[in-house]
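Here is what each chain is made of, one letter per residue.
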Amino acid sequence: MKRRRLLQSIAALPALPAAAQTAPAPAPEFPKLAETAADAVGQPRGRLFGRDQMAALEKLADLLMPKAGDRPGAVEAGAPAFLDFLIGESNAARRKLYQDGLDRLNSESARLYSKPFRDASATEAKAILAPLAAKWTYAPPADPFARFLKEVKDDLMQATINSRVYAAAVSRRSRSAAGMGAYWLPLD
Amino acid sequence: MAKTYDVLIIGSGAAGGMAAWVLARAGASCLMLDAGPLIDYDKQRVMKPVYDLPYRGFGKPGRFPHVTQASEFDANLWADEKQNPYSYDKSDPFYWVRIRAVGGKTLRWGRASWRLSDHVFKAKDHDGFGDNWPIGYRDLAPFYDRVEPMIHVMGRNEGLPQMPDGNIQIDESPDSESVKRFIAACRKRDIPTTKSRRATGTLASSTNLLLPAALESGNLTLTPNAVVREITIDPATGLANGAVFVDRRSKNEYEVKARVVVLGASTLESCRILLNSKSTRFAQGLGNSSGTLGQYLFDQFYVKNVVTAVVPEARGGKGGRGLMGGGGYVPRFRNLQRNDRKFLRGYAWDFGGGFTPSPRYLPLYGEELLKEMNELQGTGFSLTTMGEALPRKENFVRIQPDVKDEWGIPSLHITQKYGDNEYAMAKDSMETASELCTDAGFQVIAAHSQMVPPGESIHELGTVRMGADPKSSVLNGWNQSHDVRNLFVVDGSSFVCGGVQNPTLTILALSMRASEYILDQRRKGAL
Ligand SMILES: Cc1cc2nc3c(=O)[nH]c(=O)nc-3n(C[C@H](O)[C@H](O)[C@H](O)COP(=O)(O)OP(=O)(O)OC[C@H]3O[C@@H](n4cnc5c(N)ncnc54)[C@H](O)[C@@H]3O)c2cc1C
């Protein structure tokens, strides 16, 4: 992909209209039409998480991977909605880990502060997120809630860094296209 | 009537590719069958940003439960696990990493290229465990000498008996300060270090280094998409006379004929083909009069990032090229002169620095985490352990007749477990690596001794092993079947033990040596 087309697609800009070009070249017989990906034009519809679970995930996203300067955070990157899709596609154990983990955020918040996790302050949330302060171990924590928190931390960060808006912010800053790779088409 | 080829070569990776390079160029008419397609790099790959992939780079959940190396970018290159099933006991997973395409895993290998020494070939003489190879370093050295320039190996020669010098380009690049500090810490304990030794070039695959010259000779016929089911035997002579294969796309079956069969379909696939090649004469699999076909499976165990450390002086963006970056290799140093450890044999490390440590090591989140990550940019230094897994009879593969692949070919059940020796070695490697990093003035932020599951190192070896005694081995010292003299198995399945060295250079040297032996035997009329 050429750099101009890449930057266009990062910013989800429509291709320049023909009239704006100085000397219109004759249309090639097999033209390469400009395209825009689904996630640049639409909002993903919910799949797996219920409303309260999603609200907890949005809050978690903001706490774990906040916006920093001109770099978007997990919320701006649509990471919660993406994880709703990704985890929805995953196996039953992973779906359960996530759903139970999100429920636990809400139930802990209700128990400690009588409000849903979404409305907990950063200080209040810190007590609930205490397992994230534990020292790293190779083996995942035995407690499923602690395991969930470790996984969701990694997943939210990766989903943010690999997002279109994050790439656009990085490209603006360093003029290098972020996250490009050689994609292997299916082998015939 | 189809042509009878001089040599049928099964597989086009390192093993098969080298056989074709030797045999076709010497005038033997060769047919090469490979189960996968021929890849056109220009058509097959397109540049894409990660956010345009359907799963934002996470990959389709569950698509590759055993291939941790697969990314969403290259997922279509790895062998599909549903089309190519295999099994293991639930408690002992085996991660079988496969590429089915012309070139095999050489399309993707990391290219680390070390010679084996007599610490491996004659390992039993050193510590009494297992068996010696029927050949020694002296037998293979002339072939290493020729293979290394072919694949453009670069590194440094250190004159170490456990890691023989090579016929290689010398890497004169300077070391960064952090690497020098690590090397100094090793030196204080008499632990050797060297530069990495790797094949160089944009692609170092059989598809660009071996097959073009073989095809140019006019003597090689390359047939992709040919999934070999079995090697056929002439009942009158007991000699191999060809193979049966299934066309990958149409599933039509074909027979081909040859005077000599060279099997190089990769360690476990070659073993599987032999086990599936049953006849009245060889009811337990072709060339299996010893009963050892499938046994003595081993690999090298890996402890990935056994230690991750931070170089404190590099914090806050002060790293730079002079202090950070680069890396190297620590050849095996345990149990060389005496066996003075609680385990046999030893391990090596790859080490390197200059990366940003993963956020998962930090017990932080949110702004605090981002701030710390900023501080840690480019400060990381880590080691990965590669240890020798002992070859044991109890680690083996067998055919599962009722579980078949997409082409109706019975699949493998794989049993490989690490034992006390590997666990003890992994622990020693963690403790010693932590001490060395601390001695170098680095701050260790994570250390563990958890080996990846067997198979994940992609160095699976053995199962069709060589040996001096036909009663306890399948091949002789020429990679030739003890039972069927025109059958040769030239890949990693022939290894008796593997040391800590990545195996491909040795596979290439063995295949070259066996192929020249075939030419010699044909000249003498013995084949
Ligand atoms: C990511 C990665 C990194 C690696 N790094 C290193 C490294 O740094 N150093 C090192 O030494 N090694 C490394 N390796 C391992 C190295 O790639 C292998 O040791 C080497 O490719 C083995 O060669 P081979 O010819 O035996 O098998 P392969 O290269 O796997 O080739 C076997 C061929 O046989 C074909 N085949 C299989 N079954 C059949 C059948 N039934 N019929 C017909 N054809 C069949 C396959 O399609 C394939 O093309 C790495 C591997 C990978 C994947």
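This report concerns the structure included in the present document. (Residues numbered from 1 in each chain as written. Chains lettered and ligands numbered in written order. Predicted model: local features only at pLDDT ≥ 70, side-chain atom pairs only at ≥ 80, totals over all residues. Heavy atoms only, no water.)

**Observations regarding the overall build of chain B**
Within chain B one finds 13 helices and 19 strands. In terms of its C-alpha atoms, chain B occupies a principal-axis envelope of roughly 75 × 55 × 45 Å. Counting the 527 residues in chain B, one finds 62% classified as buried. Here the analysis covers contacts within chain B between residues at least 6 apart in sequence; of these, 72% occur between residues at least 24 apart. On chain B, roughly 20100 Å² of surface is accessible, and the fraction owed to carbon and sulfur atoms is 48%. (Helix = DSSP H or I, 4+ residues; strand = E, 2+ residues; numbered from the N terminus. Buried < 20%, exposed > 50% of the residue type's maximum accessible area, 1.4 Å probe, protein only. Contact = heavy atoms within 4.5 Å. Areas by Shrake-Rupley, 256 points an atom, 1.4 Å probe, with all protein chains shown as cover.)

**Things to note about the site of the ligand**
Residues and elements named next belong to chain B. Lining the immediate environment of the ligand, one finds 36 residues, of which Asp 34, Lys 105, Gly 110, Ala 112 and Thr 504 sit closest. With respect to the ligand, the backbone of Ala 265 contributes an N or O atom lying 3.4 Å from an oxygen atom. A distance of 2.7 Å separates a nitrogen atom of the ligand from a polar atom in the side chain of Thr 504. Protein burial of the ligand: of its 990 Å² of free accessible surface, 94% is covered by the chains. Elements that contribute at least two residues to the shell around the ligand include exactly α1 (14–25), β9 (226–233), α9 (267–276) and α13 (504–523). Split into classes, the residues belonging to the shell around the ligand amount to 18 nonpolar, 11 polar and seven charged. (Near = heavy atom within 4 Å. Polar contact = N/O pair within 3.5 Å; in protein donor to acceptor, adjacent residues only side chain to side chain. Nonpolar A, V, L, I, M, F, W, Y, C, P; charged D, E, K, R; others polar.)

**Examining the interface of chain B and chain A**
The partner chain A presents 46 residues to the 46 residues of chain B that form the contact. In total, about 4400 Å² of surface goes out of reach between chain B and chain A, with carbon and sulfur atoms giving 62% of it. When the buried area of chain B at its contact with chain A is split by residue, Tyr51(B), Arg56(B) and Tyr365(B) rank highest and sum to 20% of it. Put simply, chain B and chain A have three salt bridges between them. The closest approach of N and O atoms between Asp154(A) and Arg360(B), which form a salt bridge, is 3.0 Å. Between chain B and chain A we count 20 residue pairs in polar contact (both at pLDDT 80 or more) in total. Elements with a minimum of two residues in the side of chain B that touches chain A: α2 (41–44), β3 (45–49), α11 (366–376) and β18 (443–447) of chain B. Along the lines of polarity and charge, the residues of the side of chain B that touches chain A split into 25 nonpolar, seven polar and 14 charged. Pairing geometry for strand β1 (residues 180–184) of chain A and β3(B), over five bridges, is antiparallel. Considered in β3(B), the bridge of Trp184(A) is made with Arg45(B). (Buried area = accessible area lost by both parts, 1.4 Å probe. Salt bridge = Lys/Arg side-chain N within 4 Å of Asp/Glu carboxyl O. Pairing = 2+ DSSP bridges.)

**Description of the side chain of Ser87(B)**
All names here are of chain B. With respect to the element layout, Ser 87 can be found in strand β4 (residues 87–88). Side chain to side chain, Ser 87 and His 413 meet in a polar contact 2.7 Å long. In contact with Ser 87, not counting residues within four places along its chain, are Gln 400, Leu 412, His 413 and Ile 414.

**Brief notes about the sheet that holds strand β5 (residues 153–155) of chain B**
Residues and elements named next belong to chain B. The three strands lie next to each other as β6-β5-β7, forming an open sheet whose pairing is mixed. In the strand order of this sheet, the two ends are held by β6 (169–170) and β7 (198–199), each with one partner. The pairing of β5 with β6 spans two bridges and is classified as parallel. Residue pairing across strands places Met 154 opposite Gln 169, the latter belonging to β6.

**Digging into the nonpolar core**
Counting 99 residues, the largest nonpolar core has Ile10(B), Leu23(B), Trp133(B), Ile231(B) and Val262(B) as the members making the most contacts within it. Contacts of Trp133(B), omitting those with residues within four sequence positions, involve Leu116(B), Val120(B), Phe121(B), Lys122(B), Met466(B), Phe495(B), Val496(B), Cys497(B) and Leu510(B). Of all hydrophobic cores here, the second largest spans 43 residues; its members include Phe49(A), Met65(A), Phe148(A) and Ala446(B). (Core = buried A, V, L, I, M, F, W, Y, C linked by side-chain atoms within 4.5 Å.)

**Re the pairing of strand β8 (residues 220–223) of chain B**
Residues and elements named next belong to chain B. Burial along β8 is one-sided: Leu 220 and Leu 222 are buried, and none of Thr 221 and Thr 223, which face the opposite way, are. Of the pairings in the sheet, the one linking strand β2 (residues 30–33) to β8 comprises four bridges and is parallel in character. Across the sheet, the residue bridging to Met 32 is Leu 222, located in β8.

**Some remarks on the sheet that holds strand β17 (residues 410–415) of chain B**
Residues and elements named next belong to chain B. Pairing in this open sheet of three strands is mixed, and the strands run β4-β17-β16 from one edge to the other. Only two strands of the sheet have a single neighbouring strand rather than two, namely β4 and β16 (396–404). Pairing geometry for β4 and β17, over two bridges, is parallel. Residue pairing across strands places Tyr 88 opposite Ile 414, the latter belonging to β17.

**Considerations on α13(B)**
Taking 1.5 Å per residue as the helical rise, α13(B) with its 20 residues ought to reach 28 Å, and the 29 Å between its terminal C-alpha atoms agrees with that figure. For α13(B), a buried count of 16 out of 20 residues is recorded, marking the element as mostly surrounded by other parts of the structure. (Expected span 1.5 Å × (residues − 1).)

**Points about the packing of aromatic side chains**
Counting across every chain of the model gives 26 aromatic pairs over all chains. With centroids separated by 5.4 Å and ring planes inclined at 40°, the aromatic side chains of Phe333(B) and Trp349(B) adopt a geometry described as tilted. You can see Phe333(B) sitting in the loop between β13 (327–330) and β14 (347–355) and its partner Trp349(B) sitting in strand β14, a full 16 residues away along the chain. Each member of the pair Phe333(B) and Trp349(B) is classed as buried. Linked through ring pairs, Phe49(A), Tyr98(A), Phe145(A) and Phe148(A) together constitute an aromatic cluster. Above the plane of the ring of Trp96(B) lies Arg98(B), whose end atom (NZ or CZ) is 4.1 Å from the centre. (Phe/Tyr/Trp six-rings, centres within 6.5 Å; stacked < 30°, edge-to-face > 60°. Lys NZ or Arg CZ within 6 Å of the ring centre and 35° of its normal.)

**Some details on α11(B)**
For α11(B), the complete set of buried residues consists of Gly366(B), Leu369(B), Met373(B) and Leu376(B). Buried residues of α11(B), viewed axially, fall in a sector of 75°; they line one side. Opposite the buried face of α11(B), at more than 90 degrees from it, the exposed residues are Glu367(B), Lys371(B) and Asn374(B). Each element contacted by the buried residues of α11(B) is listed here: α3 (51–64) and α7 (144–161) of chain A together with β12 (300–310) and β14 of chain B. Positive phi shows up at Gly378(B), right after α11(B), with a value of about 70°. (Arc of directions from axis to C-beta.)

**Some details on the side chain of Asp74(B)**
Following the sequence through the fold, Asp74(B) ends up in the loop between β3 and β4. Within the structure, the side chain of Asp74(B) is placed 3.0 Å from the side chain of Trp78(B), a separation counted as a polar contact. Other than its neighbours up to four places away in sequence, Asp74(B) contacts Trp184(A), Gln69(B) and Arg108(B).

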